[in-house]
Amino acid sequence: MGELEDAVMTRVWKWNRPVTVREVLEDLQQERSIAYTTVMTVLDNLHQKGWVRREAEGRAYRYEAVSTRAAYAAALMNDAWSQSDNPAAALVAFFGMMSEEQRTALRDAVRIVQGPETAEAAPDTARETGGENPGSASEALGR
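Residues numbered from 1 in each chain as written. Predicted model: local features only at pLDDT ≥ 70, side-chain atom pairs only at ≥ 80, totals over all residues. Heavy atoms only, no water.

1. Remarks on the packing of aromatic side chains
- The tally for this structure, following the rule as stated, stands at four aromatic pairs.
- Each ring, one from Trp13 and one from Tyr72, has its centre 5.7 Å from the other, and the planes form 35 degrees; the classification is tilted. Here the residue Trp13 occupies a position in helix α1 (residues 3-15), and Tyr72 occupies one in helix α4 (residues 69-82), the gap between them amounting to 59 residues.
- Look at Trp13 and you get buried, because its relative accessible area is 12%.
- Ring centres of Phe94 and Phe95 lie 6.2 Å apart, and the angle between their planes is 50 degrees; on these two criteria the pair is classed as tilted.
- Judged by its relative accessible area of 3%, Phe95 is buried.
- Every member of this aromatic cluster is reached through a ring pair, and the members are Trp13, Trp51 and Tyr72. (Phe/Tyr/Trp six-rings, centres within 6.5 Å; stacked < 30°, edge-to-face > 60°. Helix = DSSP H or I, 4+ residues; strand = E, 2+ residues; numbered from the N terminus. Buried < 20%, exposed > 50% of the residue type's maximum accessible area, 1.4 Å probe, protein only.)

What follows is the structure, given as structure tokens:
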């Protein structure tokens, strides 16, 4: 997704409701000079790419996100990870870049994915990802 597409999608995700080109335009104009037709083209491109759905309202459309920003971020991470020639090393390097807050979020996410019955057996991912010896990616994920 390009920078302008991201700026438009950020508003669609933030508002979490169907939006018009005019609404997005007026919000974007607080930060930059931009034409109505540019925003209309960006939303049409996002529709063509499957990021937004649209419904006709009179002579215009209302656009709504197809998925969440979290799902988009997950897809980006999965795409980057799948392109690595060493996925385990890529994960370990990624975990090593995380802040303590992000490591906590990772532990919480692993517990959710594993379910309550295996959460007690999961290793401390902060220890696995933040120390000098990060271990394997599967250890970092508690698998």
